[in-house]
Structure formats: C-alpha cells, structure tokens
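Inside the fold
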Amino acid sequence: DPTTAPTLAPNSSPSRTPTFSPTLSPTLAPSVAPTMPPSNAPTYSPSAAPTPTCHFAKFQAKMASSDVLYGGESLVSANCRYLLVMQPNGNLVHKKLIGGYVSPFVGGEIEQDPDWQWDVLWESNSRIFNYSGHSVPKFFVDSNAQISIVEYSFKGAPNVQQMVIWRSNITIQLANFNLDVDNWSFGLTSAGCMYLGMNVAQSVWLECAGPSDRGSSVIDQNENPNPNESTGVTDAPDDGEYDNEDNDNQQQ
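This write-up is about the structure you can find in this document. Note that this is a predicted model, so its numbers are computed, not measured. (Residues numbered from 1 in each chain as written. Predicted model: local features only at pLDDT ≥ 70, side-chain atom pairs only at ≥ 80, totals over all residues. Heavy atoms only, no water.)

In this fold, arginine 127 is placed in the loop between β9 (118-123) and β10 (136-141). The spatial distance from the C-alpha of arginine 127 to the C-alpha of glutamine 87 is 9.3 Å, given a sequence separation of 40 residues. (Helix = DSSP H or I, 4+ residues; strand = E, 2+ residues; numbered from the N terminus.)

So, in structure tokens, the structure goes:
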C-alpha cells in the first residue's frame, strides 16, 4: 500500500525566481556612429614632379666615397656653374659655364631649351679602346685618394677584367688624417675647386687646377695595347688654366 506520505510535498518555488531584468537593457546607441568622411579625399595630383639636378648631373656638390661616374654621368657644383663630366669616350672634362645659371625647369619639366656655353678648364685626354664595342669608362677615387679612370668591356659585368686608362699622381693615406675611409667625399665647390675629405673645411686635398697637378695616362693612346699586360706611364697633358674667382655667392 502506498504510504500516507510517499514523498515530501513539492516546493512551491522549485527554483529561485528569475529577475525581471536578467541582463542590462541595451543602450539606444550601442556604438558611436561612423563619421561621414572616413579619410581625407586624395588629391588629384598626389605629388609634384621632382626637379632634375641642374645639367642633369648625377651628383651635386659632392660624391660619397662609394660613388662613381660612368660614361655620360657628371658631378655639378652647388651653384650649377662648374661641371665634371665623365664622357662616354673616356675623357674626363672639367668645365665652367659662361655666364650665370638660370634654371630651365618648371614643375620638373623643361620650360626652355638653353644653349649652354662652356669653357673647358681641364681634361684628362684619355680614351677608351672599346675592343668589345660596348666598353664604358668609370671614374672613381680609391681609399688612397688616387683618382682613376678604368675601362670596362661590358658595363655590369664585374668579372670582366678592367683596364686602367688614366690615374692621378695623388696618393694620400686617408687613415693618417683620422678620416673614416668609408665616409669621406669627393667634392666640387662653387668656385670650381675639387677636394677630398669630410667637407671643404676638413679636406686633406684641395685643388683648383684639375683633379691632379700631374695626372697620367696609363696607356699611350696612340698605341694598341694588350689589356692583359701592364704598360708604361706616359706624360700627362698640361692642365688648363683655371678661373679661381669665388662664385660661392652666385645665385643658382
């Protein structure tokens, strides 16, 4: 028979009464409304065309110790009146602009085609032999401050033997002057002078009559040398006269 109290009376509240607000009511503005313009509108001309270096020179005022000039490249002074050009034929030419410099560039484009007139102040009178038909000259300064021009049979082929066709008689141990051999410069001032050093004031060599007083054409340009054999040094051509007037205040 069933017991008179088979089980306890059920609890009238089998569980706790849930809250009326089990969670917080969401806000009317759950997040900030995004701005209408998320970013500035791009300009129609994102950047102005860069203005080329005067006379389209590769370097202006100075070159770093690791910089070189291949045929057709040049170094120009800060006032754009002096130019050192490594010509494609192997001749290194230092020249001065006749008259003042007026920039032909406007907005990175040539507005006029100036007929520049130049005085040649000095040249190496060196030439490449171009046996390959693709030879290029290279101007550089080594760690002993010796200025050289070498001929490569093919540009961009470092494994092909180079031939020295001209070098200066300058030999300076830059380390003896407490200079970092990796951080000196070869510069061309606004007065047409060339220097080696950290700057003009800290130069270890300053010359206003060409890259060297007595540069040497390593190979007699009238002969047909074998590039695999060493050759004698011939006398260098006389240096051209220099105009040493101070043009540092000349307006570009």
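Hydrogen bonds along the backbone pair up the strands of a sheet, which may run parallel or antiparallel. Ordered by their spatial adjacency, four strands build an open sheet running β2-β13-β14-β15, and the pairing between neighbours is antiparallel. Each edge of the open sheet carries a strand with a single partner, namely β2 (62-64) and β15 (203-207). Within this sheet the neighbouring strands show an average axis-to-axis angle of 15 degrees, counted without direction. Examined bridge by bridge, β2 and strand β13 (residues 185-188) share three bridges and lie antiparallel to one another. Pairing of methionine 63 across the sheet is with phenylalanine 186, part of β13. (Pairing = 2+ DSSP bridges. Axes fitted to C-alpha atoms, helices over the stretch in contact; angles between N-to-C directions.)

This part is about the pairing of β15. As defined by bridge partners, strand β14 (residues 194-197) adjoins β15 across four bridges and the pair is classed as antiparallel. Residue pairing across strands places glycine 197 opposite serine 203, the latter belonging to β15. Here β14 folds back onto β15, and the loop between the two strands holds five residues.

Moving on: the side chain of asparagine 79. As for its position among the elements, asparagine 79 is in the loop between β4 (73-76) and β5 (82-86). There is a polar contact of 2.6 Å between the side chain of asparagine 79 and the side chain of serine 77. Here the side chain of asparagine 79 touches serine 190 through a polar contact of 3.0 Å, landing on its backbone oxygen. (Polar contact = N/O pair within 3.5 Å; in protein donor to acceptor, adjacent residues only side chain to side chain.)

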